[in-house]
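Residue strings, one per chain:
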Amino acid sequence: MSRLIISYAKNGREAYEDAILRAKNAIKETNPNLEICILIDDLPKGVPKHKETPYAFKPFLFKKAFEQGYKQVIWIDSTIVTVKDLQPMFDYMAQHGVLSFHNLGHPLKNWISDVACENLKLTENELENVEQIMACVVGFDITTKTGKNVFEKWYKEAKKGESFKNNTSKRK
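Residues numbered from 1 in each chain as written. Predicted model: local features only at pLDDT ≥ 70, side-chain atom pairs only at ≥ 80, totals over all residues. Heavy atoms only, no water.

Undergrad: Tell me about the pairing of strand 5 (residues 133-141), and please be specific about residues and values.
TA: With 5 bridges connecting them, strand 3 (residues 72-76) and strand 5 associate as antiparallel partners. Across the sheet, residue Val-73 finds its bridge partner in strand 5, namely Phe-140. Note that strand 4 (residues 98-102) and strand 5 share 4 bridges and pair antiparallel. The partner of Phe-101 across the bridge, within strand 5, is Met-134. (Pairing = 2+ DSSP bridges. Helix = DSSP H or I, 4+ residues; strand = E, 2+ residues; numbered from the N terminus.)

Below, the structure is given as structure tokens:
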């Protein structure tokens, strides 16, 4: 199965471009047979910039990878440094469809935009039980029903653009 690690870095409040090169080298050392697509500074045509729609570039870059034929794709933020073989993560995705990690201490109810709640048809009561994930490492296996469905919902919201903005939210 074709697998890919993707990431993007643009210098901002930190030197993300330096960090992504460190991340890429760590992946090569720990996972020499994995394909890696690291973008620095410029995004492909049609991918929204962070300042336009915060973090929407992530699902757009996943979509581009899937369109190129990759079936299992993991996003890593520029500050992530791998120290072990990533095979267990790919195995987990093959079984569950999605790879994500709980963002302990940061409940979704404090961070989701009002627009996203409306689009996802989530009530305030339902939000009490929804955990937030850390999007610094997230992956999808689109050969699974769950992986494909969750990714398609995320991408659909990214295309709309508004769910990713928090300028009209009563939350933090």
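Undergrad: Tell me about the pattern of salt bridges, and name the residues and values.
TA: Summed over all chains, the structure comprises 4 salt bridges. Here Lys-10 ties to Asp-41 by a salt bridge, and the two come within 3.0 Å at their closest N and O atoms. Taken together, the residues span a long stretch of sequence, with Lys-10 in the loop between strand 1 (3-9) and helix 1 (16-30) and Asp-41 in the loop between strand 2 (35-40) and helix 2 (57-67) at a distance of 31 residues. Accessibility expressed as a relative area gives 43% for Lys-10, which makes it partly exposed. (Salt bridge = Lys/Arg side-chain N within 4 Å of Asp/Glu carboxyl O. Buried < 20%, exposed > 50% of the residue type's maximum accessible area, 1.4 Å probe, protein only.)

Undergrad: Which residues make up the packing of helix 2 against helix 6 (residues 145-160), and what values go with them?
TA: Relative to each other, helix 2 and helix 6 sit at 125 degrees, their axes nearing to 9 Å. With respect to helix 6, the axis of helix 2 lies oblique. Seen along the crossing, helix 2 lies across helix 6 with a hand that is left-handed. Contact residues: Lys-58, Pro-59, Phe-60, Phe-62, Lys-63 and Phe-66 in helix 2; Phe-151, Trp-154, Tyr-155, Ala-158 and Lys-159 in helix 6. Class assignment of the residues belonging to the contact of helix 2 with helix 6 gives a composition of 8 nonpolar, no polar and 3 charged. (Axes fitted to C-alpha atoms, helices over the stretch in contact; angles between N-to-C directions. Parallel < 35°, antiparallel > 145°, perpendicular 65-115°, else oblique. Left-handed = near helix turned anticlockwise from the far one by under 90°. Contact = heavy atoms within 4.5 Å. Nonpolar A, V, L, I, M, F, W, Y, C, P; charged D, E, K, R; others polar.)

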